[in-house]
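Observations on the three-dimensional arrangement
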There are 2 protein chains.
Amino acid sequence: YTLYAAPVFFPVTTRSSFRSRRQQVAQAAGSTAVLVAAGLPLSRNYPANHHPFRASSHFLYLATARENNFLLLDGGKTTLFAEAPDRDDALWHGPRPELSQVAESEGVDEVCDVGQLAQRLEPLRDRLGVLPPQDGATRELLARVAGRPIAPNSPAGELDARDAAARKAMFEARLIHDDAAQDQLRAAAVVSSQAHLEGMRATRAAERESEIEAAISHVLRRHGMQYAYGPIATVCGEVLHSRASDNTVRPGDLFLCDMGGETPEGWASDITRTWPISGRFSKTQRAIYEVVLSANQRAIAKVRPGVSYRAVHEEAKRALVEGLVELGIFRGSVDGLLERGAASLFFPHGVGHLLGLDVHDMEDFGDFAGYSEGRLRSKAFGDRYLRLDRDLAPGMAVTIEPGFYQVPGILHDPALTGPLGDDLNLDVLAHYDDVRGIRIEDDVLCTSGEPEVMTHGCPKTVAELEAALHS
Amino acid sequence: YTLYAAPVFFPVTTRSSFRSRRQQVAQAAGSTAVLVAAGLPLSRNYPANHHPFRASSHFLYLATARENNFLLLDGGKTTLFAEAPDRDDALWHGPRPELSQVAESEGVDEVCDVGQLAQRLEPLRDRLGVLPPQDGATRELLARVAGRPIAPNSPAGELDARDAAARKAMFEARLIHDDAAQDQLRAAAVVSSQAHLEGMRATRAAERESEIEAAISHVLRRHGMQYAYGPIATVCGEVLHSRASDNTVRPGDLFLCDMGGETPEGWASDITRTWPISGRFSKTQRAIYEVVLSANQRAIAKVRPGVSYRAVHEEAKRALVEGLVELGIFRGSVDGLLERGAASLFFPHGVGHLLGLDVHDMEDFGDFAGYSEGRLRSKAFGDRYLRLDRDLAPGMAVTIEPGFYQVPGILHDPALTGPLGDDLNLDVLAHYDDVRGIRIEDDVLCTSGEPEVMTHGCPKTVAELEAALHS
């Protein structure tokens, strides 16, 4: 592995790509006019101190986003509502383009001052579908201009029919990534892979978790990227969504790092790697790691058109249980073990999710995005956290992220371990107590042929990881 | 300057410090029971994808903060409302302490489940003062439990009398920093100074702004710190609140960097340095830099008990105009130039603000915090942006941040330049066109004697900066 030399220059989505997307959504929405809000910045402590502004993914899919902008797609016509420049703004925030210049640069049919939003939408109310906004102030504004409450994240049955039509049109467009979207996802994956590599390099000298995380973050910032989600970077891998922490790291620990950046246009990567603080896996860590790696590889190989994502999840579970049988942690037939919930004891989450502008793509649509019509979440522990159950198709991007965790709350719960009885061999398991949590996650694009592993540049095998840790 | 070797271990505010602060606030509030919300995390795009949680500064002042916690100070008694641990939480976010353990570790009199908030507050409504929450969802919840709307950030006259009493009590406590607060501010200043130094070191090899900013951010993350505010790190120094950008940097440019981190407990630093991309100031850049530095030093020297902060601002303006007269950019008497608005042409903002848990401390209280009773904002351009007009006292922390900017919108505005007439010599000014913006900002603690410059470790003179850039 060689150090990257210069910043990646990110691919830029062209005006014509944005225009095609707007046309596709408008066409799919039929007579429904679709309204999309970019959103407003959120205050961190006092009102003027903001979190970095991140526009709604729906907006980012259709145009370059600025705060407080709105897009209206009505048949063949796109109208952008934006704030006109003012003098104070030039002093404090730099000059902004005139609205006429914005119309030209965005390739939209019309640009209006955002102050006209209510007046312009009034005649359209009967056929206006609104996509869910991300912040409360924008939600209130949308409710005023639409003349009705705008529901967040509702299940399909309860949603206003106009909003449902808008959601369906947007969902269909975003589910299958066009060439420009694929380029963005690859760029996010490349830089995020480099970031992981730098995290590995910083590990052996590190005393605390934050030092490793800082090396990762450094690569993203160098490229002008933000985290796509709150990173997990911890020696406590068994806490699935561990928050930012700053534990001391010790030579015998495994470090679990779930981190991805998003491109300046907002497209996400989502990578997990697990590596030893010392630079070398112990024999027991390596054994479990190889089991999880096998689950990762076998699940990735299943990512083919027409295959249901649930089958990918099941393949990962089967590989995991097979591997644990070989180690003697489980005894008995793999089918029987799987039926009794063996996989979920150590792998209590789904094998992955949709990936796109959101790291859990379109999760603001709830299970409308993740689950095909008629498919429902399982009630079983573990499986019920599966976020995706659709048949795969070329252009869909998913994560593949099996794991193995020793969660005390699970392993001490007789309701979960009981069905396994003595087929869970706790004496053997006790030998593996230096493995708290391992996850191996890649970003995979479904194509018409072989799956494309966009994160292929990130060290993954034991040999690759140990080489990276010593590089 | 030597590279820091190991992470700083931050000072930790003791339970007894927190308890004293709670007593002070409760006592000052008299019969008003004071309710403080920690707040809720904010969604970045879809609901489960959060910005890093940052609790309200009022809460952080009084206790260790967790999401959705509330503190009630009622006479001598403190009640903490917190979420009891649940099983799913342990799986996804790690085990949480039992409420009884929280009571012990926080040293509060009572801990209740947050579900009891409404019921417990009902009998107190008539004398319940609520501090402004930072997010909309918490504001709605507070309005429900208080039985009345909770106003954000209102001017004194309109505020509910109970909320005004709570605000006054909290303001008085937070204005004068106790020893624990001073330790936090010093720690934030030390690490933020080191971060600037690393930014300087990364400059000569950098091609883009983001590479310098990344080196700065790296130091903060290594220490487990977050930015206290969105950093300004740009070659476009004349844009006062420049957003994150990623311009190419060129050898002739000055780089303006306004960046500070906050300690894990939330206490802020706020430092600006301006340095040449090439490693050497041009003759013209150096000349203007020395003028701004003189304004910075003369203003700092004025930070003494009993001196009004407006006088500090006026001293910075005077130093700036005197320096520009020496360079021939202005002609005539300094007093006359100041009267005609000369300083604001190049220095159109205030010389600084309160510093504490918020980088603009207590700005959620509006000018109630920044302006003593009876003092009002000036109507004059430039001066009207002065955020603070109080008499200084030992224990107050302020920033001192004069600047010089060539803002086209100001220099081309006859309403602003007209009063200067030919006493603004544009021919001379034209020689300084390689100076777009310079600001030099320190964090200063008012003591009973000499002001304490908490950011003294950050390179500041031309010689120090050039040495750091080549180190």
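Look above for the structure.
Residues numbered from 1 in each chain as written. Chains lettered and ligands numbered in written order. Predicted model: local features only at pLDDT ≥ 70, side-chain atom pairs only at ≥ 80, totals over all residues. Heavy atoms only, no water.

1. A look at the nonpolar core
Counting 136 residues, the largest nonpolar core has Phe 330, Phe 346 and Ile 400 of chain A as the members making the most contacts within it. The contacts of Ile 400 of chain A, once residues within four sequence positions are left out, are Asn 296, Ala 299, Ile 300, Val 303, Tyr 309, Val 312, Val 351, Ile 440, Glu 441, Asp 442 and Val 444 of chain A. Membership of the second largest hydrophobic core comes to 135 residues, among which are Val 36, Met 170, Met 259 and Leu 354 of chain B. (Core = buried A, V, L, I, M, F, W, Y, C linked by side-chain atoms within 4.5 Å. Buried < 20%, exposed > 50% of the residue type's maximum accessible area, 1.4 Å probe, protein only. Contact = heavy atoms within 4.5 Å.)

2. Observations concerning the relation of the copies chain A and chain B
When chain A is fitted onto chain B, the two copies agree to an RMSD of 0.0 Å after a turn of 180° and an axial shift of 0.0 Å. With respect to symmetry, the two chain copies, as superposed, fit the operation of a two-fold axis. Across chain A, the smallest distance between a C-alpha and the rotation axis is recorded for His 218 of chain A, namely 2.7 Å. Looking at chain A, 100% of its interface residues are interface residues in chain B too, so the copies touch through the same face. (Least-squares fit on C-alpha atoms with pLDDT ≥ 70 in both.)

3. Some details on the interface of chain A and chain B
Taken residue by residue, the interface counts 62 residues in chain A and 63 residues in chain B. Taking both partners together, chain A and chain B bury about 5300 Å²; carbon and sulfur atoms supply 52% of that area. Applying the counting criterion to the chain A and chain B interface returns six salt bridges. Seen at the junction of chain A and chain B, the total is 16 residue pairs in polar contact (both at pLDDT 80 or more). (Buried area = accessible area lost by both parts, 1.4 Å probe. Salt bridge = Lys/Arg side-chain N within 4 Å of Asp/Glu carboxyl O. Polar contact = N/O pair within 3.5 Å; in protein donor to acceptor, adjacent residues only side chain to side chain.)

4. Digging into the pattern of salt bridges
A complete count under the given rule lists 78 salt bridges over all chains for this structure. Across the salt bridge formed by Glu 110 of chain A and Lys 77 of chain A, the nearest N and O atoms sit 2.9 Å from each other. Of the two residues, Glu 110 of chain A sits in strand E4 (residues 110–113) while Lys 77 of chain A sits in strand E3 (residues 77–82), which places them 33 residues apart along the sequence. Glu 110 of chain A gets classed as partly exposed once you look at its relative accessible area, which sits at 22%. Residue Lys 77 of chain A is classed as partly exposed on the basis of its relative accessible area of 38%. Between Arg 186 of chain B and Asp 183 of chain B there is a salt bridge, with the nearest N and O atoms lying 3.2 Å from each other. (Helix = DSSP H or I, 4+ residues; strand = E, 2+ residues; numbered from the N terminus.)

5. Some points on the sheet that holds strand E7 (residues 232–234) of chain A
Residue and element names in this part refer to chain A. With antiparallel pairing, the three strands of this open sheet are ordered in space as E7-E8-E10. Strands at the two margins of the open sheet, each flanked by one partner only, are E7 and strand E10 (271–276). Adjacent strand axes in the sheet meet at a mean angle of 15°, parallel and antiparallel pairs treated alike. Sheet analysis places strand E8 (residues 254–259) next to E10, joined by six bridges and oriented antiparallel. Its bridge partner lying in E10, Leu 254 is registered against Pro 276. Against the sheet, helix H9 (residues 209–222) engages E7, E8 and E10, with an angle of about 30° to E8. (Pairing = 2+ DSSP bridges. Axes fitted to C-alpha atoms, helices over the stretch in contact; angles between N-to-C directions.)

6. A short note on the layout of surface pockets
Roughly 1100 Å³ of internal volume is contained in the second largest pocket. Residue lining of the second largest pocket: 45 residues in total, with Leu 42 and Gly 136 of chain A together with Leu 42, Gly 136 and Ala 137 of chain B positioned closest to the centre. Of all the secondary structure elements, the ones that give two or more residues to the lining of the second largest pocket are helix H6 (136–146) of chain A together with helix H2 (57–62) and helix H6 (136–146) of chain B. At five residues, H6 of chain A tops the list of elements feeding residues into the lining of the second largest pocket. Looking at the lining of the second largest pocket residue by residue, the class counts come to 21 nonpolar, 14 polar and 10 charged. (1 Å grid on protein atoms, 1.4 Å probe; cavity = no way out; pocket = protein on both sides within 12 Å on 5 of 7 lines; lining within 4 Å. Points joined across faces, edges and corners; volume = space filled by probe spheres on them. Nonpolar A, V, L, I, M, F, W, Y, C, P; charged D, E, K, R; others polar.)

7. Considerations on the side chain of His 196 of chain B
Residues and elements named next belong to chain B. With respect to the element layout, His 196 can be found in helix H8 (residues 179–201). Residue classification places His 196 among the buried residues on the basis of a relative accessible area of 0%. A polar side-chain atom of His 196 sits 3.3 Å from the main-chain carbonyl oxygen of Ile 271. Aside from chain neighbours lying at most four places away, what touches His 196 is Cys 257, Met 259, Ile 271, Thr 272, Arg 273, Trp 275 and Cys 458.

By themselves these figures say nothing about function.
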